[in-house]
Every structure is written in C-alpha cells, then in structure tokens.
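What the coordinates show
Each chain, written out:
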Amino acid sequence: MGLSQIPIYFISPVADCSLAYSQIFSEWLCSAKHSKVYLPEPPFPHADLIKNNRLKHYSSIHGEFSNQFKTPCVVFTGHPSLRFGDAVHFMEMWGKSSLNTVLFTEPDFPYLDALAPFQPLSMKACYCPIDPAMGFSQANKMIKDLKPGHLIIPAGYSRPPASLPHKTDLQIESDPSPVTFTRGEILNVPVKRKFEKIEISEQISDDLTPTEVRPGVLVSAVTGVLVVKDNQYVLQNVPPSNPPVDIQVSRKRRREEEVPKKPKHYIYGCINVDEFVQSLDKAGISDVKVEESPRGHIIHLQEEDTIIQLEESSTHIVSEGNEALRRKLRDILIKSLPSF
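The following refers to the structure shown. (Residues numbered from 1 in each chain as written. Predicted model: local features only at pLDDT ≥ 70, side-chain atom pairs only at ≥ 80, totals over all residues. Heavy atoms only, no water.)

What follows deals with the pattern of salt bridges. By the definition in use, this model includes six salt bridges. One salt bridge connects D169 with K167, and the closest N-O pair in it is separated by 4.0 Å. Its relative accessible area of 45% is what places D169 among the partly exposed residues. When the shortest N-O distance is used, the salt bridge between E291 and K289 registers 3.6 Å. (Salt bridge = Lys/Arg side-chain N within 4 Å of Asp/Glu carboxyl O. Buried < 20%, exposed > 50% of the residue type's maximum accessible area, 1.4 Å probe, protein only.)

Here it is as structure tokens:
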C-alpha cells in the first residue's frame, strides 16, 4: 500500500474545534498563509486531507471510530504522559508488535518515564520533540523591533548556560537592561501610567459638538458607558432605561428611578476676581472687601455678613443660613466662569 493511501486519525475531545479554528485565526499565520484565508483556498494541507477522506477526526475511540478504524494507519492522540487518555488503549493494543512505532512530540514529558509502565515493549519508540517556543535569536529580534520600555525575564535567560559559558548568543539582550527574577521572587515593576487610550463609539462621535475655548483647543461634553474588555476601553452610548413595569409605582419612586438629565452648559477655568467683584456690584452688592489667602482669595460681603472663599479646586459660600443669598451668589459665580 502506498503512503498516500494510509489513513490518519485525529482523536481528541476538541479535534473538530482545533481543525476549525486553524482556518479562521489568520492573524497568527505567516503572510503566505494569511493571504490564503481570503481566497477559496485553505491555508493548511489538512483541509485537503479531510476533503479527500484521508484525515478523519473523532472525539474518542468509541462509537464511529471503532467501525471505521483500519490499519496500517497514523493516529494522533493523547495524553503525552501515557497515563490517561486514548493513548493508553493504543499502547496496550500495539505495544507487543515490533511493526508499530510510538512517536513522542511533546518536549515537557520524559518519554522513557512515560513508557516505563508498559515494559517490556516490542514496539519502537522515537522522541522528536516539537518545541513551539521561540529561540534566543527570535526573542532578541522581537525585543529589538518592539523596543519595550521595561523587560522582565527569568534570571537564567540573562546569561549563557552554565555548561556553555562561551555561547553568548544563548541569552536575552536588551537596552535598557532587563529586570530579572527568580522563582518566588516579588518584583516592584517601575511602570507608571496616568492615562489610558479610549476608543469612542461611532454613535457618540457623531453627536459631538466641539467648542473652541481658546485658539487651537476645542472641548466637547461626552456622556457614555465605559466598556472594558480584553484590555481595550470603549466608550459607548448609555443604554435606554427600561420603564417601570408597575404603572402604579409611587411618584417618589419614579423620581428616584429617573435618569439625571445632562446639564445645558459645562463650566471650566478659574474665577477672575476683578470681574466677579464687578458682577457683584451690578447685582447690587457693593460693600465688598477682597483679601488674598495662601490658597486663593477671600471675599467678604460686609453688609450681608457673608464670606466667599475662592480656592484653586473649590469654592465655599458661608452665608449664615441665608439660602436665597447663597443661591444668588452661586448664580453670579457660575456666570463669571467660562462655559461651553
């Protein structure tokens, strides 16, 4: 029988999903295979093998596989430790014949220890580890291209192996020097970031109305819901609130459930004290005394027996319980500030 006629069996609970995902996750492929994803051509050969009924996949050795199985064949299955999984069944079935071969491709499992419970074993064993990890040359190239501000690596990667001290190519090199760690060590990573990049949804961006507050600087009010997923920040529209189901809900409860309305204007900046005093005079408050303080200014309205404290991040109106006067002064303050 020619090798082209030997069937290949892939046995795993996730066999179907694994083969399917390999066809759609194109961002992990090289440019040659990436271009095939957008053409009526599969990026990997196993798609043709499945189409020609050469490669067959099953979730387990029971059921349909038992009826279609024939030898000689190639079987991909696990577990690589040979302690559980469908591999145990095949070791017991084929281990006594020298015509069979078991091939180990997992580098993290010592194959001789895996075979120990099945001795004496007549079948041949081959150890061909496939390590998907990148080598030092690939890692150094990636670090050089990405130019990270901080690099954290195991201490063993910062120097050549003890058995090969002259092999300086078997170590990680970067500028600035990497931060190393050992097993169980706690590191203080010097990463300080005050801001995050946020993407604004198309619906919100269409409603923005920027206002120029000074030459070259425009601002706009934004209201939305911040959605954080996969370390990505997206500002989306506020979903509409559901109306109360019970139409007999009390008025008080309805008021509590109402969504606050957006303010018509947004104020910003600092109070110009001279302009504020002029605004007070226009409002009929003329007996005003202004004093500087370590944090800003103190304005004393002597006839009204009221003090206004203007500070960099706060404003206080002390009016001794005169609520009408306090509201009047508040409105004057707001009108004295720039807004958009």
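Moving on to helix 5 (residues 87-94). For helix 5, the full list of buried residues reads A87, V88, F90, M91 and W94. The buried side chains of helix 5 occupy one side of the element, clustering within an arc of 165° when seen end-on. Taken together, the buried residues of helix 5 touch strand 1 (8-11), helix 4 (64-68), strand 3 (74-76), strand 4 (101-104) and helix 6 (111-115). (Helix = DSSP H or I, 4+ residues; strand = E, 2+ residues; numbered from the N terminus. Arc of directions from axis to C-beta. Contact = heavy atoms within 4.5 Å.)

On to the environment of V213. Within the fold, V213 resides in strand 9 (residues 211-214). Once the C-alpha coordinates of V213 and P338 are considered, the two residues, 125 residues apart in sequence, prove to be 8.3 Å apart. Residues within four places of V213 in sequence aside, it is in contact with V219 and Y268.

With that out of the way, let us pick up the packing of helix 10 (residues 273-282) against helix 11 (residues 323-336). Closest axis-to-axis distance for the helix 10/helix 11 pair is 10 Å, and the angle between their directions is 135°. By the criterion of interaxial angle, the relationship of helix 10 to helix 11 is oblique. Crossing angle aside, the handedness with which helix 10 passes helix 11 is right-handed. Contact residues: helix 10 offers F276, S279 and L280, while helix 11 offers L329, I332, L333 and S336. In the contact of helix 10 with helix 11, the residues fall into five nonpolar, two polar and no charged. (Axes fitted to C-alpha atoms, helices over the stretch in contact; angles between N-to-C directions. Parallel < 35°, antiparallel > 145°, perpendicular 65-115°, else oblique. Left-handed = near helix turned anticlockwise from the far one by under 90°. Nonpolar A, V, L, I, M, F, W, Y, C, P; charged D, E, K, R; others polar.)

This part takes up unusual backbone geometry. The omega torsion of the bond from T71 to P72 falls at -5°, within 30 degrees of zero and hence cis. Secondary-structure assignment places P72 in the loop between helix 4 and strand 3. In this structure, H79 follows G78 across a cis peptide bond, with omega equal to 20°. With respect to the secondary-structure elements, H79 resides in the loop between strand 3 and helix 5.

Time to look at the packing of aromatic side chains. What the rule picks out here adds up to twelve aromatic pairs. A ring pair is formed by F65 and F90, whose centres lie 6.1 Å apart and whose planes are at 80°; its orientation type is edge-to-face. In this pair, F65 is assigned in helix 4 and F90 in helix 5, connecting sequence segments 25 residues apart. Considered together, F65 and F90 belong to a single accessibility category, that of buried residues. Where F104 meets Y111, the ring centres are 5.7 Å apart and the plane angle is 50°; that geometry is what we call tilted. A relative accessible area of 7% places F104 in the buried class. In this structure an aromatic cluster arises from ring pairing among Y9, Y58, F65, F69, F90 and W94. (Phe/Tyr/Trp six-rings, centres within 6.5 Å; stacked < 30°, edge-to-face > 60°.)

The next subject is the side chain of S201. Within the secondary structure, S201 is located in the loop between strand 8 (198-200) and helix 8 (202-207). Contacts of S201, omitting those with residues within four sequence positions, involve L235, Q236 and N237.

This paragraph deals with the environment of P13. Relative to the helices and strands, P13 is located in the loop between strand 1 and helix 1 (15-24). Placed 44 residues apart in sequence, P13 and H57 show a C-alpha to C-alpha distance of 9.6 Å.

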